[in-house]
Amino acid sequence: MFDMIGRAHPFVGAPLPRLALAIAFLALANPLAAQRDSSAAPRKQATAVRVPDGAIVVDGRLDESIWRDAPALTDFVQKQPKEGAEPTERTVIRVAYDGGALYIGARMFAKDPSKIQAPIGRRDHIGQMEHLLVSLDTYLDRRTSYTFGITASGVRGDWYQASDVENDRDATYEPVWEARSRIDAEGWTTEMRIPFSQLRFNDKPEQVWGINFDRWIPSTNEDIFWIAVPQNVTAWASRFGDLHGIQGIRSTRQVEMRPYVAGQAKVDADRDRRNPFDDGRNLDARFGSDFKVGLGSSLTLQATVNPDFGQVEADPSVVNLSAFDIFYAERRPFFTEGSNFLQNSGPALFYSRRIGGMTAPGVLSSVVPALGNADYTDYPQTATILGAAKLTGRTASGTSIGALAAVTNEEQAALYVLPNGTAPADERSVLVAPRAWYGVGRVQQELGRSGSTVAATATVVQRDVNDGSELARRYTHDAITGGVDYNLRLKGGEYEVTGSASGSLVRGDTGVIRYLQTRSSRYFQRPDADHVDVDPTRRELTGYDAGLAVNRISGRHWLGGVQAIMRSPGFELNDAGAMSAADFKLVYGELRYRERKPNRAFQNWQVMLSSEKDFDFGGVNTFGFVRADANLTWKNFWFTNIAAWNDFPGDDPRIARGGPYVRTGSGRVLILQVGSPTSKKTRGSARWYNGMNTLGGRTYRLSGDFSTRPTPQWQLTLTPNYLGDRDPRLFITRLGGGRPETFGSRYVFASVDFTEFTLSARLNYTVKPDLTLEMFVEPYAANGRYSGFGELLAPRSSVLLGYGPGVRTFNADSSPIRRFNVNGTQLEIPEQEFNERSMRSNFVLRWEWRPGSTFYAVWQQNGGRSVDRIRAVRPTDVFQSLSYARRSFFALKMDFWIPLGR
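Let me sum up the structure you'll find in this document. (Residues numbered from 1 in each chain as written. Predicted model: local features only at pLDDT ≥ 70, side-chain atom pairs only at ≥ 80, totals over all residues. Heavy atoms only, no water.)

A closer look at the overall build of the protein chain
To keep it simple, the criterion reads: Think of it this way: any DSSP run of H or I at least four residues long counts as a helix, any run of E at least two long counts as a strand, and we number them from the N terminus. Computation of the radius of gyration draws on C-alpha atoms alone. For the globule rule, the value is 2.2 Å times the number of residues to the power 0.38. Remark: exposure states derive from per-residue accessible area (1.4 Å probe, protein chains only) relative to the maximum for the residue type, with buried under 20%, exposed over 50%, and partly exposed in between. Contacts are assigned to residue pairs with any non-hydrogen atoms lying within 4.5 Å of each other. Residue burial considers only the protein chains on display, and all accessible areas are found by Shrake-Rupley using a 1.4 Å probe. The charge count treats Lys and Arg as positive and Asp and Glu as negative. His and the chain ends do not count. By convention, the point assigned to a charge is CZ for Arg, NZ for Lys, CD for Glu and CG for Asp.
Along its length, the protein chain carries 6 helices and 46 strands. In terms of overall dimensions, the protein chain is globule-like: its C-alpha atoms have a radius of gyration of 30 Å, near the 29 Å expected for 902 residues. Dimensions of the protein chain, computed from C-alpha atoms along their principal axes, come out at roughly 95 × 65 × 50 Å. Buried residues in the protein chain amount to 52% of all 902 residues. Restricting the contact set of the protein chain to residue pairs at least 6 apart, pairs at least 24 apart contribute 65%. Accessible surface for the protein chain amounts to roughly 39,100 Å². Of this, 55% is attributable to carbon and sulfur atoms. With 107 positive and 99 negative side-chain charges, the protein chain shows a separation of 4 Å between the mean positions of the two kinds.

Considerations on the sheet that holds strand E42 (residues 825-830)
Filter applied, for reference: Pairing between strands requires that DSSP locate at least two bridges from one strand to the other. Lines fitted to C-alpha atoms define the axes, with helix axes restricted to the stretch in contact, and inter-axis angles between N-to-C directions lie between 0 and 180 degrees.
Read across the sheet, 3 strands follow the order E40-E41-E42 without closing on themselves; strand pairing throughout is antiparallel. Looking at which strands have only one partner, the edges of the open sheet turn out to be strand E40 (807-810) and E42. Strand-to-strand, the axes of this sheet are offset by a mean angle of 35°, without reference to chain direction. Bridge count for E40 against strand E41 (residues 816-822) is 4 bridges, and the pairing is antiparallel. The partner of Phe-810 across the bridge, within E41, is Pro-816.

Digging into the sheet that holds strand E20 (residues 426-433)
Across the sheet, which stays open at both edges, the 3 strands sit in the order E16-E19-E20 with antiparallel pairing between neighbours. Looking at strand neighbours, the two that pair on one side only are strand E16 (376-378) and E20, the edges of this open sheet. If you compare each strand with its neighbour and ignore which way they point, the axes differ by 25° on average. Of the strand pairs in this sheet, E16 and strand E19 (residues 411-417) are connected by 3 bridges, and their pairing is antiparallel. If you follow Asp-378 over to E19, its bridge partner there is Ala-414.

Quick notes on the side chain of Ser-145
What counts is decided by this rule: Counting of polar contacts relies on pairs of N or O atoms within 3.5 Å, with two restrictions inside protein: one atom must be capable of donating a hydrogen and the other of accepting it, and residues adjacent in sequence are counted only when both atoms are side-chain atoms.
Checked against the element boundaries, Ser-145 lands in strand E6 (residues 145-151). Here Trp-236 takes part through its side chain, which lies 3.5 Å from a polar atom of the side chain of Ser-145. If near-sequence neighbours (up to four positions away) are discounted, Ser-145 is found in contact with Leu-136, Asp-137, Trp-159, Tyr-160, Gln-161, Trp-236, Ala-237 and Phe-240.

Here's the deal with unusual backbone geometry
A cis amide bond links Gln-80 with the next residue in sequence, Pro-81, at an omega value of 0°. Mapped onto the secondary structure, Pro-81 falls in the loop between strand E2 (77-80) and strand E3 (91-97). The backbone of Leu-140 shows a phi angle near 50°, a positive value even though the residue is not glycine. On the secondary structure map, Leu-140 appears in the loop between strand E5 (131-137) and E6. Phi angles above zero are rare outside glycine, and Asn-221 is one such case at about 55°. Relative to the helices and strands, Asn-221 is located in the loop between strand E10 (206-217) and strand E11 (222-225). Given a relative accessible area of 9%, Asn-221 falls into the buried group.

A look at the pattern of salt bridges
Stated formally: Salt-bridge detection follows one rule: a side-chain nitrogen of Lys or Arg within 4 Å of a carboxyl oxygen of Asp or Glu.
Counted according to the given criterion, the structure contains 39 salt bridges. Between Glu-186 and Arg-107 there is a salt bridge, with its nearest N and O atoms 4.0 Å apart. Linking Glu-186 in the loop between strand E8 (178-184) and strand E9 (187-195) with Arg-107 in strand E4 (residues 101-109), this pair joins segments that are 79 residues apart in sequence. Note that Arg-627 is salt-bridged to Asp-629, the shortest N-O span being 2.8 Å. Residue Arg-627 is classed as partly exposed on the basis of its relative accessible area of 26%. When salt bridges that share partners are traced, they join Arg-123, Arg-156, Asp-158, Glu-174, Asp-770 and Glu-848 into one network.

Focus: the pairing of E6
Where burial is concerned, most of E6 is hidden: 7 out of the 7 residues are buried. Residues Ser-145, Thr-147, Gly-149 and Thr-151 line one face of E6 and the alternating positions Tyr-146, Phe-148 and Ile-150 line the opposite face, and both faces are buried. Of the strand pairs in this sheet, E5 and E6 are connected by 6 bridges, and their pairing is antiparallel. Paired with Leu-132 across the bridge in E6 is Ile-150. Sheet topology note: the E6/strand E7 (residues 156-161) ladder contains 6 bridges and is antiparallel. Paired with Thr-147 across the strands is Trp-159, a residue of E7.

What about the environment of Lys-613?
Secondary-structure assignment places Lys-613 in strand E28 (residues 602-615). By relative accessible area, which is 31% here, Lys-613 ends up partly exposed. With 27 residues separating them in the primary sequence, Lys-613 and Leu-586 have C-alpha atoms 5.5 Å apart. Ignoring anything within four residues of it in the chain, the contact list for Lys-613 reads Lys-585, Leu-586, Val-587, Asn-621, Phe-623 and Gly-624.

Focus: the packing of aromatic side chains
In this description, a pair of aromatic rings is defined by centroid distance and the angle of the planes. Stated formally: Between rings of Phe, Tyr and Trp, where Trp is taken as its six-membered ring, a pair exists when centres lie within 6.5 Å; planes separated by under 30 degrees are stacked, by over 60 edge-to-face, and by other angles tilted. Placement of a positive charge over a ring is assigned whenever Lys NZ or Arg CZ falls within 6 Å of the ring centre and within 35 degrees of the normal to the ring plane.
Scanning the model with the defined rule gives 26 aromatic pairs in all. Look at Phe-148 and Trp-177: their rings are 5.2 Å apart centre to centre, the planes differ by 80°, and that puts the pair in the edge-to-face class. With Phe-148 in strand E6 and Trp-177 in the loop between E7 and E8, this pair connects stretches of sequence that are 29 residues apart. For the pair shown, Phe-148 and Trp-177 are each scored as buried. Considering the side-chain rings of Trp-714 and Tyr-765, the 4.6 Å spacing of their centres and the 45° angle between planes classify their relative orientation as tilted. Of this pair, Trp-714 sits in strand E36 (residues 714-736) while Tyr-765 sits in strand E37 (residues 745-768), and the two are 51 residues apart along the sequence. Taken together, the ring pairs connect Tyr-146, Phe-148, Tyr-160, Tyr-173 and Trp-177 into an aromatic cluster. One cation-aromatic arrangement involves Lys-79 over Phe-225; the distance from NZ or CZ to the ring centre is 5.6 Å. For Arg-796, the ring lying beneath its charged end belongs to Tyr-661, and the centroid distance is 4.8 Å.

Regarding the side chain of Glu-494
Along the chain, Glu-494 falls in the loop between strand E23 (478-490) and strand E24 (495-507). Judged by relative accessible area, Glu-494 falls into the buried class, the value being 12%. Ignoring anything within four residues of it in the chain, the contact list for Glu-494 reads Asn-551, Arg-552, Ile-553 and Ser-554.

Here's the deal with the pairing of strand E30 (residues 639-647)
By the bridge criterion, 9 bridges tie strand E29 (residues 621-634) to E30 in an arrangement that is antiparallel. Bridging across to E30, Arg-627 finds its partner in Trp-645. The hairpin turn running from E29 into E30, its antiparallel successor, is 4 residues long, and Phe-637 in that turn takes a positive phi close to 75°. Here E30 runs beside strand E33 (residues 667-675); their pairing, made up of 9 bridges, is antiparallel. Residue pairing for E33: Ala-643 is matched across the bridge by Ile-671.

Comments concerning helix H6 (residues 510-518)
Since the α-helix advances by 3.6 residues per turn, residues separated by three or four positions end up pointing in the same direction. How we decide: By construction, the arc corresponds to the directions joining the helix axis to the C-beta atoms.
The complete set of buried residues in H6 reads Val-512, Ile-513, Leu-516 and Gln-517. Buried residues of H6 fall within an arc of 145° about the axis and therefore sit on the same side. On the buried face of H6, the contacting elements are E24 and strand E25 (540-552). Between a side-chain oxygen at the N-terminus of H6 and the backbone nitrogen of Gly-511 the separation is 3.0 Å; the capping residue is Asp-509.

Concerning a nonpolar patch on the surface
Condition: Only residues whose relative accessible area exceeds 30% and that form no salt bridge are eligible for patches; like-charged ones are grouped when within 9 Å, while nonpolar side chains (Val, Leu, Ile, Met, Phe, Trp, Tyr) are grouped when within 5 Å.
On the surface, Ile-642, Leu-670, Leu-672 and Val-674 cluster together into a nonpolar patch covering about 280 Å² of accessible area. Of note, Ile-642 is situated in strand E30. Since its relative accessible area comes to 36%, Ile-642 is described here as partly exposed.

Section: the nonpolar core
The line we're drawing: Take the buried residues of types Ala, Val, Leu, Ile, Met, Phe, Trp, Tyr and Cys, join any two whose side-chain atoms come within 4.5 Å, and each joined set is a nonpolar core.
Of all hydrophobic cores here, the largest spans 39 residues; its most connected members are Leu-102, Val-134, Phe-148, Leu-199, Trp-209, Phe-213 and Leu-243. Counting residues per element, the ones that place at least two in this core are strand E1 (45-50), E3, E4, E5, E6, E9, E10 and strand E12 (241-247). Looking at this core element by element, the count peaks at 4 residues for E4. Formed by 25 residues, the second largest nonpolar core is a distinct cluster that contains Leu-342, Ala-406, Ala-436 and Ile-513.

Quick look at the structure:
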């Protein structure tokens, strides 16, 4: 099944998978794997007190008797700024429960309540505000945890932590729970109600959960914990105390339904009135529902019918001059919830945006001629998801399970050809996407008390594609991937051994397999690559990926590790996963020294040295670097980050986009970043990037961010970014008639000066914690100027045979071109220069009108155009797009959270 093409490099050769398995076996056999440093001392204990159902009213007032009588937790300790010191402010917390929920009642004392930072904002945006967090390890696996937070102004935050790392947070976890806060003369108080239906735990007569509390006081930069994980230790849930006293509850078979209704309209201020597919309003309405049901005490089944996967936040504007895809973040609720159960270590076997995605019309027009011949096209932007289901959970034995299945419908594009003198108008449709079935499964098993894990993941995609059809040249029939990964924790979590091994198989018509062989991730057609070749008769593609890393992740001063990865040329993930490149082997190492103990100048600091070396399966040295970093947090909590590195020359297999290896120059980069404490009401940072290489390349970037809260309800954030980049070897095109040294082809390159300026602005107004208005505006300007055209002198060279400036003119269809006279041969090259302006804006009203139910009102505008003037972008150019006609998108959506039973 696996493609074993290639030679082994002495550092990362073919024995790597066997070496990884051997280390895994030895680690599991090692008794240190079952030890934990934290077990040397007794754990702290908290006790929850049972109260009658309905005895506690969540209003932020601690006026119920239970908040006087229950055992109090008061023994908190600083982690910042003085690790281990007694907090300057007292905190008192009590825990209670009834038949349906866990309750937290807390008083946070403040000597001067006027200094409490209590602005209000959107849910989950609580970092700048004084807040209290409670973290629960409900499985008592000493590895995973749920965290619930509440600020002094009543803003809630929540996330899930799938690993024993304090800052590894999955903010897509969106439970339905309640909390209220109040500020008074002694400080502030809070009550939290966390329904058991929103937690997952094992079905036992008596529950013992891990628990921890964290209070953040931004006015003094003081972070206090019930249990503070030492700063020289990488851990989280494994250090929690134990919560006792919860008896007689069950992980309920909660049944939830979330129906929705939505409507939208698209208005183009500059629309073509001859377009039969645009009536100026483009109204649309839809409805559907998500379902969730608990299966026993461990698993949750989710399903969706006619799902609403519309996004209220658009993807950012990007000018992509590279040969690689851009992978955007997932924002669709059905896929984000519980996504940690489906994510593997190692290569990204599953990338959920593949489901319901579409290939761009410009790509398909090369294989579906009707798309390019039509005057107007109504092209579906996404594939319709007919239905999807997901099963996730964790059993009492420490087995985590994740499975997902989805079906997308075939899609038709409507075409319209205008009438002419001899032919009437032609309106018809063509198939642009086949029906597809997606399946993903993952099983992970925890091993002993160490928190080690071993897991297996598999994906499958099947499409209804006929051999010989137009779509068979772009869509595979089926694609299968599978892999194992492990994380072995040694010496109480001080060391980790991680590794993975994966394989892929894709099958289809000869057209699509040829396409996969020649696309940017592999370029099998390279004329001087002796380890790969394009086989036009091939109907399948196979490959493998393997990786191994050994790291010291905890320690007072010295940390670091080594990593090796190899990925065969035929490895392919882009049906269900995400992958930019195959055909490489790399070795990476880093060494860090850190100091967490404050001194006269610094609160903490660290320095790091790292290096990497890359080869392809032909044994060619393709890339390498050495880098030094310094991260300094000053005594006043301002920070300074410095990075410097050197790129070594290499023979790049992808710069010529299917052509021969091209030699890259050595490069040097220096980065400097400074910033103010994140706890301040007005804060900001600035970053300077300066890089150059020996071929004449230069990258200069100035960026930063500025945020201020003029009042507790308003927040303004500005993010400017300026980029000036000169790429001395940007591939333009391949022409015939070349010299024998370049295999009879001319590989034409140019030097491009790319300039870009963006200014993102966000203005948020919070009426109350569950009602916000968010305004986002992003003007954008980019320009590319091309010069220094020439063809590659020879493989593995960086020298170009120059063409001179050429003559700018137009061809028969009025497209701009450049004409060159090269030794009596006339060459025509399509004009590449561009000057783009765009404006994107987004206004969103969010109202959680009752727990779990939300109303959205969205107004988006997008506009832009190309400008004839070819010159460097100036900061003022970004505001030109304010006057452009824009396309408007309006949407209203309301969903309803309905708990149907227990």
